[in-house]
Amino acid sequence: MYTQSFNVPDAPDGKTVPLAPSKEDAALQAAFDTRIDADGRIEPQDWMPEAYRKTLVRQISQHAHSEIVGMLPEGNWISRAPSLKRKAILIAKVQDEGGHGLYLYSAAETLGTSRDQMLEGLHSGRAKYSSIFNYPTLTWADVGVIGWLVDGAAIMNQIPLCRCSYGPYARAMVRVCKEESFHQRQGYEALLVMMTGTEEQKAMVQDAVDRWWWKCLAMFGPPDADSPNSAQGMRWGIKRVSNDDLRQKFVDATVPQAKVLGVTLPDPDLKWNEERQHHDYGRIDWNEFWETVNGNGPCNKERLATRVKAHNDGQWVRDAALAHARKQQSRNMKEAA
Ligand code: BYC
C-alpha cells in the first residue's frame, strides 16, 4: 500500500499484513503511552510505534517541503522589490524559509528517512506541501500580504508545534517561530506603508487581501470532522490544537489588524458573535482546496517544475561539497595514521 512516501508490506490480497505484537513490544508500547500521557518528550533513540514514526515523517516532511516551495512565490519578487531596503528584507526572509526547510528535513532524518527519499517524494509529485503556495503573486502587495496573512497563519499553526511530543521537531519549531514572527511583522509593516500611499497603492493592497484571505483560512486544513489525521495526532501530542480551533484563533486575531490597516476582509458573513465570543465567518470553498492539494491549483505545475529545475541545477554544488568532504576525510585519515 502506498501512503505518502512509504511502502508497507501488502498481503497477496492487497491488505496490509499485521505483525503480531511481542511481549517486549507490549511493554515498550506501554512505556511510550505512559510518557505521552505524562506530556513527556520522545527522542530519536527512544522506542516509538511505527505509526507514530510515520505520522511524524509525513507531517515534518510535508512541512519542510512547504518551506522550500514557499520560497518560490516570494522569490519571484526579489528582482522587482521597490527599494533596496525591501529587497534586503525579502532576501533575508526567503533565505530564512530555506533554513526552516533544512531544520525540518534534519528533524525528519532523525526518524530514519533520508533527505533524498523526501525530496524524491516532493519532486515526483507524490508528497504534499501547503496548498497556499500554489497561487500566483501578481503584485508587490502580495509579498506584504503573504508576510501578514500567510506567515501569520503559519505562526498560529506552528506555535503549538513547539510543544510537540517529538523533541527534534519541537526544538526546530522554536527557532522557526521566532523567524516567522519577523516575517509576519515585515509584511504588515510593508502594507502599512502602502496604505499611507496613493489610491492605487491602497487598491493594490485590498486586491491582494481579497485574493489571499480565503486561501489562508483553508491553509489550516480540512474541518475537524473531515480531518482523518487529527484525532490520532492530538492523542500523540503531535498536534496540540485542532484545525478549526486554530482557524478561529487566526480569524479573531486578524480582524483587528485589518481594521488598523484599513482593509476589508472579503467575507460578508464575518461578524462578532457575542454569545460565542468569537467571530463567525463564511463558508470556505473546500472543493477548490482539494483540487489544489491534489495538484490542480493555478500554479502547482509551475512550482514543481521550478523546484525540480533548481534541484537539478544545484547538482554540481552537491557533487563539489561531497568531493571536498571526501578529500578532507582522506587527509584526516592520513594525518591520523
Ligand atoms: N495544504 O487530517 P488532516 C509556511 C492534507 S509553511 C496541503 O487535517 P494533519 C511558510 C494533510 O496533509 C506552512 N495539504 O492532516 C513557508 C492530509 O493529507 P495526508 C506549512 C493539506 O496532518 C514559507 C489531508 O490534507 N505548515 O507557512 O493532521 C513562506 C488531511 O488533513 C493542507 C505546516 O506544514 C494544506 N493546507 O493536519 C511562508 C505545519 N491541510 O498527509 C510561510 C505542520 C491539510 O494524509 N503541519 N492537508 O496525505 C500541520 O500542522 C498539519 O500537517 C496540517 C494538516 C494542519 C497542515
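Here's a quick rundown of the structure. Keep in mind the model is a prediction, meaning the values are calculated, not measured.

**Examining the overall build of the chain**
Then, number 1: Along the chain, the regular secondary structure elements total 13 helices and four strands.
Then, number 2: For 337 residues, the compact-globule formula gives about 20 Å, and the C-alpha radius of gyration of the chain, at 22 Å, lands near that figure.
Then, number 3: With the C-alpha coordinates of the chain rotated into their principal frame, the extents come out at 70 × 60 × 40 Å.
Then, number 4: The buried share of the chain, reckoned over its 337 residues, is 48%.
Then, number 5: For the chain, the share of sequence-separated contacts (at least 6 apart) that also reach a separation of at least 24 residues comes to 75%.
Then, number 6: The chain carries 41 positive and 43 negative side-chain charges, and their two centres are separated by 5 Å.

**Notes on the site of the ligand**
Then, number 1: Every one of the 34 residues lining the ligand counts as a neighbour, but Arg 58, Gln 62, Lys 128, Ser 227 and Lys 239 are closest to it.
Then, number 2: Between the ligand and Gln 62 there is a distance of 2.7 Å, counted from an oxygen atom to a side-chain nitrogen or oxygen.
Then, number 3: Between an oxygen atom of the ligand and a side-chain N or O atom of Asn 157, the distance comes to 3.0 Å.
Then, number 4: If the ligand stood free it would expose 1000 Å²; the protein chains cover 92% of that surface.
Then, number 5: Those elements that place two or more of their residues in the shell around the ligand are α2 (50-69), α6 (140-158) and α11 (286-296).
Then, number 6: Examining the composition of the shell around the ligand, we find that six residues originate from one element, α2, more than from any other.
Then, number 7: When its residues are assigned to classes, the shell around the ligand shows 13 nonpolar, 15 polar and six charged.

**Concerning the pattern of salt bridges**
Then, number 1: Evaluated as defined, the whole model comprises 20 salt bridges.
Then, number 2: Linking Glu 120 and Arg 126 is a salt bridge whose minimum nitrogen-to-oxygen distance equals 3.2 Å.
Then, number 3: Given the relative accessible area of 42%, Glu 120 is considered partly exposed.
Then, number 4: Using a relative accessible area of 36% as the deciding quantity, one classes Arg 126 as partly exposed.
Then, number 5: For Lys 309, the salt bridge is made with Asp 313, and the minimal N-O distance between the two is 2.7 Å. Pair noted here: Lys 309 and Asp 313 are both in helix α12 (residues 300-313), with a separation of four residues, about one helical turn.
Then, number 6: Taking the relative accessible area as the measure of exposure, Asp 313 reaches 43% and is therefore partly exposed.
Then, number 7: Each of Glu 74, Lys 93, Glu 97 and Asp 151 takes part in salt bridges that share partners, so that together they form one network.

**Points about the environment of Glu 50**
Then, number 1: Turning to its location among the elements, Glu 50 is positioned in helix α2.
Then, number 2: Expressed as a C-alpha distance, the spacing of Glu 50 and Ser 22, which sit 28 residues apart in the sequence, is 14 Å.

**Brief notes about the packing of α6 against helix α7 (residues 167-194)**
Then, number 1: Look at α6 against α7: their axes get within 7 Å of each other, and the N-to-C directions meet at 145 degrees. As for how α6 packs across α7, the hand of that crossing is left-handed. Contacts between α6 and α7 involve Trp 140, Ala 141, Gly 144, Val 145, Gly 147, Trp 148, Asp 151, Gly 152, Ile 155 and Gln 158 on the former and, on the latter, Met 173, Val 176, Cys 177, Glu 180, Ser 181, His 183, Gln 184, Gln 186, Gly 187, Tyr 188, Leu 191 and Met 194.
Then, number 2: Residue composition of the contact of α6 with α7, grouped by class: 11 nonpolar, nine polar and two charged.

**Looking at the nonpolar core**
Then, number 1: One finds Tyr 52, Leu 56, Ile 60, Trp 148, Tyr 166, Tyr 169 and Phe 250 to be the most contacted residues of the largest nonpolar core, which totals 76 residues.
Then, number 2: Counting residues per element, this core draws most heavily on α6, which supplies 10 residues.
Then, number 3: Excluding anything up to four places from it in sequence, Tyr 169 contacts Leu 56, Gln 59, Ile 60, His 63, Leu 104, Ala 107, Leu 161 and Cys 164.

**Regarding the packing of aromatic side chains**
Then, number 1: Scanning all chains against the criterion turns up 10 aromatic pairs.
Then, number 2: When the centroid spacing of 5.6 Å and the interplanar angle of 50 degrees are considered together, the rings of Trp 148 and Tyr 188 count as tilted. In this pair, Trp 148 sits in helix α6 while Tyr 188 sits in helix α7, placing the two residues 40 residues apart along the sequence.
Then, number 3: Among the aromatic residues, ring-to-ring pairing joins Phe 32, Trp 47, Tyr 52 and Trp 236 into one connected group.
Then, number 4: The cationic tip of Arg 80 hangs over the ring face of Trp 77; the distance from NZ or CZ to the ring centre is 3.9 Å.

**Quick look at the side chain of Thr 113**
Then, number 1: As for its position among the elements, Thr 113 is in the loop between α4 (84-109) and α5 (115-123).
Then, number 2: Engagement of the side chain of Thr 113 in a polar contact is seen with the side chain of Gln 117, the distance being 3.2 Å.

**Description of the state of the cysteines**
Then, number 1: Per the counting criterion, the structure on display carries zero disulfides.
Then, number 2: For the unlinked cysteine Cys 177, the closest cysteine sulfur is that of Cys 162, found at 3.8 Å.
Then, number 3: Assessed through its relative accessible area of 6%, Cys 177 is described here as buried.
Then, number 4: Cys 216 provides the cysteine sulfur closest to Cys 299, a residue in no disulfide bond, and the two sulfurs are 15 Å apart.
Then, number 5: Accessibility expressed as a relative area gives 5% for Cys 299, which makes it buried.

The rules behind each value
Residues numbered from 1 in each chain as written. Predicted model: local features only at pLDDT ≥ 70, side-chain atom pairs only at ≥ 80, totals over all residues. Heavy atoms only, no water. Helix = DSSP H or I, 4+ residues; strand = E, 2+ residues; numbered from the N terminus. Rg over C-alpha atoms; globule rule 2.2 N^0.38 Å. Buried < 20%, exposed > 50% of the residue type's maximum accessible area, 1.4 Å probe, protein only. Contact = heavy atoms within 4.5 Å. Lys, Arg positive; Asp, Glu negative; His and termini not counted. Charge placed at Lys NZ, Arg CZ, Asp CG, Glu CD. Near = heavy atom within 4 Å. Polar contact = N/O pair within 3.5 Å; in protein donor to acceptor, adjacent residues only side chain to side chain. Areas by Shrake-Rupley, 256 points an atom, 1.4 Å probe, with all protein chains shown as cover. Nonpolar A, V, L, I, M, F, W, Y, C, P; charged D, E, K, R; others polar. Salt bridge = Lys/Arg side-chain N within 4 Å of Asp/Glu carboxyl O. Axes fitted to C-alpha atoms, helices over the stretch in contact; angles between N-to-C directions. Left-handed = near helix turned anticlockwise from the far one by under 90°. Core = buried A, V, L, I, M, F, W, Y, C linked by side-chain atoms within 4.5 Å. Phe/Tyr/Trp six-rings, centres within 6.5 Å; stacked < 30°, edge-to-face > 60°. Lys NZ or Arg CZ within 6 Å of the ring centre and 35° of its normal. Disulfide = S-S within 2.5 Å.

In short, the description is geometric, and any link to function would need to be established separately.
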